[in-house]
Amino acid sequence: MQHDAGHDAPDVLIVGGGVIGCAIAYYGACAGLRVTLIDGERIGAGASGAAAGMLAPQVEAHQPDDFFDFGLAGRAEHARLAPQLLDEAGLDVEYRQTGILRLALEEREAVDLRGRAIWQRGRGLAAEWLEPDQVGTLEPAFGGAAGKRLVGALWLPEEGQVRSPRLVQALAAAAIRRGAVLHEGLPATSLQREGDRVTGVRTPAGVLRAGTVVLAAGAWSGALAATAGLHLPVEPIKGQIIVLGSLRRAPRHILWSGECYVAPKADGLVMVGATEERAGFDRRPTLSGVLQLALGATNLLPELGRLSVETQWGGLRPALPDRLPVIGWAAGCENLLLATAHFRNGVLLGPLTGKLATEMLLGKAPSWDLSPYSPERLSPTRQ
Ligand SMILES: Cc1cc2nc3c(=O)[nH]c(=O)nc-3n(C[C@H](O)[C@H](O)[C@H](O)COP(=O)(O)OP(=O)(O)OC[C@H]3O[C@@H](n4cnc5c(N)ncnc54)[C@H](O)[C@@H]3O)c2cc1C
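Throughout what follows, the structure given in this document is the object of discussion. (Residues numbered from 1 in each chain as written. Predicted model: local features only at pLDDT ≥ 70, side-chain atom pairs only at ≥ 80, totals over all residues. Heavy atoms only, no water.)

### Description of the overall build of the protein
This is how the line gets drawn: To qualify as a helix, a DSSP run of H or I must reach at least 4 residues; to qualify as a strand, a run of E must reach at least 2; elements of each kind are numbered from the N terminus. Atoms considered for the radius of gyration are the C-alpha atoms alone. The globule rule reads 2.2 Å times the number of residues to the power 0.38. Under the scheme applied here, a residue whose accessible area is under 20% of the maximum for its type counts as buried, over 50% as exposed, and between as partly exposed, the area being computed with a 1.4 Å probe on protein chains only. Throughout, a residue-residue contact means that at least one pair of heavy atoms, one from each residue, lies within 4.5 Å. Accessible surface is estimated by sampling points in the Shrake-Rupley manner with a 1.4 Å probe; for residues, cover comes only from the protein chains shown. We count Lys and Arg on the positive side and Asp and Glu on the negative side, and we leave His and both chain ends out. For this purpose, a charge sits on NZ of Lys, CZ of Arg, CG of Asp or CD of Glu.
The helix and strand inventory of the protein stands at 10 helices and 20 strands. Taking 383 residues into account, the globule formula puts the C-alpha radius of gyration at 21 Å, and the protein, at 21 Å, falls close to it. Oriented by its inertia axes, the alpha-carbon framework of the protein measures out at about 70 × 40 × 40 Å. Counting the 383 residues in the protein, one finds 56% classified as buried. Contacts in the protein between residues far apart in sequence, at least 24 positions, make up 75% of those at least 6 positions apart. Accessible surface computed for the protein: about 15,300 Å², of which carbon and sulfur atoms make up 53%. Where the 37 positive side-chain charges of the protein centre and where its 40 negative ones centre are 3 Å apart.

### Remarks on the pairing of strand β5 (residues 100–104)
Definition in use: Any two strands with at least two DSSP-identified bridges between them are counted as paired.
Among the 5 residues in β5, 5 count as buried, and that is most of the element. Residues Ile 100, Arg 102 and Ala 104 point to one face of β5 and Leu 101 and Leu 103 to the other, with burial holding for every one of them. Relative to strand β15 (residues 254–256), β5 is paired through 3 bridges, and the arrangement is parallel. Looking at β15, one finds that Leu 101 is bridged to Leu 255.

### Things to note about the packing of aromatic side chains
So the rule is basically this: Two rings from Phe, Tyr or Trp (for Trp, the six-membered ring) form a pair when their centres are within 6.5 Å of each other. A pair whose planes differ by under 30 degrees is stacked, one over 60 is edge-to-face, and the rest are tilted. As a reminder, the over-ring test applies to NZ of lysine and CZ of arginine, requiring each to be within 6 Å of the ring centre and within 35 degrees of the ring normal.
Tallying each qualifying case throughout the model produces 7 aromatic pairs. Ring centres of Tyr 26 and Tyr 27 lie 5.5 Å apart, and the angle between their planes is 75°; on these two criteria the pair is classed as edge-to-face. Residue Tyr 26 shares its accessibility class with Tyr 27, and that shared class is buried. Ring geometry for Phe 68 and Trp 119: centres 5.0 Å apart, planes at 75°, overall edge-to-face. Placement of Phe 68 in helix α3 (residues 66–89) and of Trp 119 in helix α4 (residues 107–122) is noted, with a sequence separation of 51 residues between them. Each member of the pair, Phe 68 together with Trp 119, is buried. An aromatic cluster is present here, built from Phe 67, Phe 70, Trp 368 and Tyr 373 joined pairwise through their rings. If you follow Arg 323 out to its NZ or CZ, it ends over the ring of Phe 343, 5.1 Å from the centre.

Honestly, that's just the spatial picture; any functional story needs more than this.
The following block contains the structure:
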């Protein structure tokens, strides 16, 4: 059976409705492409619905490299996109530049963080080392005994956050307004390949045809790529989050230690994340995951132990062995674009990926050099 997914064979068929697929749907629809997106479950059902939504390229960067610059560009794209989505979809993605305090509880961490402040300032970024009393002034939670346990903190005021599930919903809603067609509950069961082209995507409702197919199925992308004979070794890396309720005691800024992060959201909830585990495709939260986060959070700020636990969840980050994303045309398959494996940074890089993937779908050279993220590096002969 041939299945027409709403258009008569769209220009682009996207498999996967996470932040990556929905961003490509939105930017693609803005550029005038006829886009159809399918998701086996629902929009945001994967890692994107579970993410803490931090836009934090500076906090974990150990050296200036292409991925660091890519992350900064990803963060800047959010600042442009958020008001546009509010205007087009009427949804507030809660983009806020709350800043991150990367706290040092030991001298050895402080040495590393002071060094980070120096090279990041050299790149024109805001990055300031704070002594414990300055931390207490900025973040009152550290004004008393909690501050005395600190060696200091790296203050990164340009780091920010969004509400990740809301971002996915807003991208999807704005894409639909611009003519994209979305189908939830419609899984791709395999890719149909003939020679150097994907000729269709098989689903329980029949084969969907499109000029170009985008594989953005997150942690599930590898299995689908294999059906077209492609080597895409994406594995799921589980992350767990606990959500705390707090009307009075929420920190003002994102707090980050070597053990966990604590992200206050616009509605007063506080997300504590995230574990990093190999657990196959099981995304359920576990007792040891919750324990690890609870210990990390209370070690950072004992006061957090008094907050109520509202909920907890897990999600599966899509990751390649080198922990870098893949964005580009599949080797030997001229109309299949791969856009996945953003690991810990899919929310940060989602909109920028949507923009660059759209440039490629339009037949243009992408406006960012994507060679570090090219599918060619995954060829078994290159590893
Ligand atoms: C706990 C946690 C915290 C995180 N925090 C952050 C953060 O603060 N900042 C940040 O930048 N990143 C963060 N991440 C990482 C980020 O969530 C991911 O990198 C990103 O969401 C990946 O997006 P995606 O669209 O590739 O995949 P997903 O969001 O997993 O979407 C894939 C979609 O494909 C669908 N699908 C799967 N198989 C099929 C099929 N056969 N047919 C059709 N559809 C299919 C799924 O249903 C799913 O909706 C976090 C992740 C976790 C788990």
